[in-house]
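The primary structure of each chain is shown beneath.
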Amino acid sequence: GAFVISDVEPGVEDVLADSVVTYTDREDLREKIDYYMEHEDEREQKAGKGQDIVRRNHTFANRVDEIVKVMENLKDE
């Protein structure tokens, strides 16, 4: 349920949509920190959205299902 600011990483938005705020350089990071410190509602909304995505899509059961799919595909090759 934490609010996350991260450097730009390929795939982050694919996995976590817009729940993670990304920055490109120090100045951008500073601006985003200042902005979200003053906009608690937006910060909490993004944190809650990220938590929902993780709980829905990244549970232990989800990981096991993914491993089983990979193993089945390897077996079929």
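Sequence order sets the numbering: in each chain, residues are counted from 1 along the sequence as written. Predicted model: local features are reported for residues with pLDDT of at least 70 only, side-chain atom pairs are reported and counted for 80 or more only, and whole-chain, interface and lining totals are derived from all residues. Hydrogens and waters are ignored; side-chain quantities use all the structure's heavy atoms.

**Student:** Sorry, what's going on with the packing of aromatic side chains here?
**Tutor:** Side-chain rings of Phe, Tyr and Trp (the six-membered ring for Trp) are treated as a pair once their centres are within 6.5 Å; stacked means planes under 30 degrees apart, edge-to-face means over 60, and tilted covers the remaining angles. Enumeration according to the criterion identifies 2 aromatic pairs in this entry. Plain terms: the ring middles of Phe-3 and Tyr-36 are 5.0 Å apart, the flat faces sit at 40° to each other, and that makes the pair tilted. Of the two residues, Phe-3 sits in the segment before strand 1 (4-7) while Tyr-36 sits in helix 2 (residues 26-38), which places them 33 residues apart along the sequence. On the basis of relative accessibility, which here comes to 11%, the residue Tyr-36 falls in the buried class. The rings of Phe-3, Tyr-35 and Tyr-36 are connected pair by pair, giving a single aromatic cluster. What counts as a helix is a DSSP run of H or I of at least four residues, what counts as a strand is a run of E of at least two, and both are numbered from the N terminus. Throughout this description, buried means an accessible area under 20% of the type-specific maximum (1.4 Å probe, protein chains only), exposed means over 50%, and partly exposed covers the range between.

**Student:** Which parts of the structure should I look at to understand the side chain of Ser-6?
**Tutor:** Position of Ser-6 relative to the elements: it lies in strand 1. Residue Ser-6 is classed as buried on the basis of its relative accessible area, which comes to 18%. Of note is the side chain of Ser-6, whose polar atom sits 3.2 Å from the side chain of Asp-7. By the criterion applied in these results, polar contacts are pairs of N or O atoms within 3.5 Å in which, for protein atoms, one can donate a hydrogen and the other can accept it, and in which residues neighboring in sequence qualify only through two side-chain atoms.

**Student:** Whenever I open this one, the pattern of salt bridges confuses me. Can you help?
**Tutor:** Pairing between side chains of opposite charge can happen when the charged atoms of each approach one another. When a carboxyl oxygen of Asp or Glu is within 4 Å of a side-chain nitrogen of Lys or Arg, the pair counts as a salt bridge. For the structure on display, the rule yields 3 salt bridges. Taking the shortest distance from any N to any O, the salt bridge between Asp-18 and Lys-49 comes out at 2.4 Å. Taken together, the positions of Asp-18 in the loop between helix 1 (12-16) and strand 2 (20-23) and Lys-49 in helix 3 (residues 40-57) put the pair 31 residues apart, joining distant regions of the chain. In this structure, the salt-bridge partner of Lys-32 is Asp-28, at a minimum N-O distance of 3.3 Å. Of this pair, Lys-32 and Asp-28 both sit in helix 2, 4 residues apart, roughly one helical turn. On the basis of relative accessibility, which here comes to 24%, the residue Lys-32 falls in the partly exposed class.

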